[in-house]
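Tertiary structure, described
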Amino acid sequence: MQTFVDENLNKFQKELNKLNEASDARDSKTVKALAEELIRKASRFGIRSAFLHWQLAVACDLLDETEKALEEVSVASALDPFDHNIERSLEIIVWKLRDSLQSGAFNEDESA
């Protein structure tokens, strides 16, 4: 007999599998939507996942949502400061921001 928690964790795992499949397929919009939903669901279980925040950060970065990407990769890094993939993503996102600022891609209104 499955308990309520077992049933919900099984559903969560299936959704996590969908996220991984979307990530493998490089479907950033789907990854973003699934990661946001899974972050909300995980928080109901009292879970904060560096992996989910990292997945959301990468999706946002690929969708050119750089500010959101930086927020999410910062959360992921705080949750797991030793994960090489997260730290590399943080470096890439910061590099993109620095490059945009140096090239003048942001005007005053956007950077405020």
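Refer to the structure above for everything that follows.
These notes cover the structure that comes with them. (Residues numbered from 1 in each chain as written. Predicted model: local features only at pLDDT ≥ 70, side-chain atom pairs only at ≥ 80, totals over all residues. Heavy atoms only, no water.)

Examining a nonpolar patch on the surface
Taken together, the side chains of Leu9, Phe45 and Ile47 make up a nonpolar region of the molecular surface, amounting to roughly 240 Å² of accessible area. Within the element layout of this structure, Phe45 appears in the loop between helix 2 (28-44) and helix 3 (50-62). (Patch = residues over 30% accessible without salt bridge, like charges linked within 9 Å, V, L, I, M, F, W, Y side chains within 5 Å. Areas by Shrake-Rupley, 256 points an atom, 1.4 Å probe, with all protein chains shown as cover. Salt bridge = Lys/Arg side-chain N within 4 Å of Asp/Glu carboxyl O. Helix = DSSP H or I, 4+ residues; strand = E, 2+ residues; numbered from the N terminus.)

Remarks on the layout of surface pockets
By volume, the largest pocket amounts to about 150 Å³. The wall of the largest pocket is formed by Ser23, Arg26, Asp27, Ser28, Val31, Trp54, Gln55, Val58, Ala59 and Leu62. Mapped by element, the contributors of at least two residues to the lining of the largest pocket are helix 2 and helix 3. Partitioning the lining of the largest pocket into residue classes produces 5 nonpolar, 3 polar and 2 charged. (1 Å grid on protein atoms, 1.4 Å probe; cavity = no way out; pocket = protein on both sides within 12 Å on 5 of 7 lines; lining within 4 Å. Points joined across faces, edges and corners; volume = space filled by probe spheres on them. Nonpolar A, V, L, I, M, F, W, Y, C, P; charged D, E, K, R; others polar.)

Concerning the pattern of salt bridges
Applying the stated rule across the entire model yields 8 salt bridges. Note that Glu72 is salt-bridged to Lys68, the shortest N-O span being 2.9 Å. Separated by 4 residues within a single helix, Glu72 and Lys68 lie in helix 4 (residues 66-79), roughly one turn from each other. Classification of Lys68 as partly exposed rests on a relative accessible area of 27%. Shared partners join several salt bridges into a network, and the residues in it are Glu15, Glu37, Arg40 and Lys41. (Buried < 20%, exposed > 50% of the residue type's maximum accessible area, 1.4 Å probe, protein only.)

A look at unusual backbone geometry
With glycine set apart, most residues show a phi of negative sign, and most peptide bonds adopt trans. The backbone of Arg26 sits at a positive phi, close to 60°, despite the residue not being glycine. Within the element layout of this structure, Arg26 appears in the loop between helix 1 (4-24) and helix 2. Positive phi outside glycine occurs at Asp64, with the angle close to 60°. Relative to the helices and strands, Asp64 is located in the loop between helix 3 and helix 4.

Structural notes on the environment of Leu16
With respect to the helices and strands, the residue Leu16 is situated in helix 1. C-alpha separation for the pair Leu16 and Leu34, spaced 18 residues apart in sequence, amounts to 8.0 Å. In contact with Leu16, other than residues within four places in its own chain, are Leu38, Phe51 and Leu52. (Contact = heavy atoms within 4.5 Å.)

Describing the packing of helix 3 against helix 5 (residues 84-103)
In a packed pair of helices, the relevant descriptors are the angle between the two axes and the axis-to-axis distance. Axis separation between helix 3 and helix 5 bottoms out at 11 Å; the angle between their running directions is 30°. The angle between helix 3 and helix 5 falls in the class roughly parallel. Helix 5 is crossed by helix 3, and the crossing has left-handed handedness. Taking contact as the criterion, the partners of Ala50, Trp54, Ala57, Val58 and Asp61 in helix 3 are, on helix 5, Asn85, Ile86, Ser89, Ile92, Ile93 and Lys96. (Axes fitted to C-alpha atoms, helices over the stretch in contact; angles between N-to-C directions. Parallel < 35°, antiparallel > 145°, perpendicular 65-115°, else oblique. Left-handed = near helix turned anticlockwise from the far one by under 90°.)

Section: the packing of aromatic side chains
Taken as a whole and assessed by the stated rule, the structure comprises 1 aromatic pair. Here the aromatic rings of Phe51 and Trp54 are separated by 6.1 Å at their centres, their planes lie at 50°, and the arrangement is tilted. Taken together, the residues Phe51 and Trp54, both in helix 3 and 3 residues apart, mark about one turn of the helix. (Phe/Tyr/Trp six-rings, centres within 6.5 Å; stacked < 30°, edge-to-face > 60°.)

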